[in-house]
Amino acid sequence: MNNSIPIHASDLGELIREARRQTAEVEQILGARSPGALNWRPSPTTWSVGGHVAHMVIVNTPYQDTIDVALAKVRAKGRMSDGPYAHPWFGRWFAGSME
């Protein structure tokens, strides 16, 4: 998958495949570690690998539900187009800051 911001509805399939691939990769990596290794912290003020993953799941789950509902509404109204979509400046900045 390329690192550009998706701008077409046809990008959704690739995004879903990539998310599933990444999930499987994380499961494989974490599944090979002991609970002690996952919970080890290099210092009392830093997070463990397990803590980071738990945080990501807790924080991102509500977004996934919201995205699923929004996509269902757009599809039900027949308003899904293939773009290209113009992302607002903040979205472009935020995505760019992650690279």
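The structure presented is a predicted model; accordingly, all values stated were derived computationally and were not measured. (Residues numbered from 1 in each chain as written. Predicted model: local features only at pLDDT ≥ 70, side-chain atom pairs only at ≥ 80, totals over all residues. Heavy atoms only, no water.)

K.L.:
Whenever I open this one, the overall build of the chain confuses me. Can you help?
P.N.:
Each helix and strand in the chain was counted, giving 4 helices and 0 strands. Counting helices and strands in the order they occur from the N terminus, the chain gives α-α-α-α. Its C-alpha atoms give the chain principal-axis dimensions of about 50 × 25 × 25 Å. Burial status across the chain gives 4% buried among its 99 residues. Of the contacts formed within the chain by residues at least 6 apart in sequence, a portion of 56% connects residues at least 24 apart. A total of about 8200 Å² of accessible surface is found on the chain, and carbon and sulfur atoms cover 63% of it. (Helix = DSSP H or I, 4+ residues; strand = E, 2+ residues; numbered from the N terminus. Buried < 20%, exposed > 50% of the residue type's maximum accessible area, 1.4 Å probe, protein only. Contact = heavy atoms within 4.5 Å. Areas by Shrake-Rupley, 256 points an atom, 1.4 Å probe, with all protein chains shown as cover.)

K.L.:
Help me out: how do you make sense of the packing of aromatic side chains in this one?
P.N.:
Two descriptors summarise a pair of aromatic rings, namely the distance from one centre to the other and the angle between the planes of the rings. Taken as a whole and assessed by the stated rule, the structure comprises 4 aromatic pairs. On the basis of an interplanar angle of 90 degrees and a centroid distance of 5.8 Å, the ring pair of W89 and F90 is categorised as edge-to-face. Given a relative accessible area of 61%, W89 falls into the exposed group. Residue class for F90 comes out partly exposed when judged on its relative accessible area of 46%. (Phe/Tyr/Trp six-rings, centres within 6.5 Å; stacked < 30°, edge-to-face > 60°.)

K.L.:
I would appreciate a short explanation of a nonpolar patch on the surface in the present structure.
P.N.:
On the surface, a nonpolar cluster with roughly 660 Å² of combined accessible area is contributed by W89, F90, W93, F94 and M98. Its place among the elements puts F90 in helix α4 (residues 89–97). (Patch = residues over 30% accessible without salt bridge, like charges linked within 9 Å, V, L, I, M, F, W, Y side chains within 5 Å. Salt bridge = Lys/Arg side-chain N within 4 Å of Asp/Glu carboxyl O.)

K.L.:
Would you explain the confidence of the model for the chain in this entry?
P.N.:
It should be kept in mind that the predicted coordinates are not to be read in detail where pLDDT is low. For the chain, the average pLDDT comes to 85, and 93% of its residues sit at 70 or higher. The secondary-structure element of the chain with the lowest mean pLDDT is α4, recorded at 86, while helix α2 (residues 35–39) shows the highest, at 95. (pLDDT = per-residue confidence, 0-100.)

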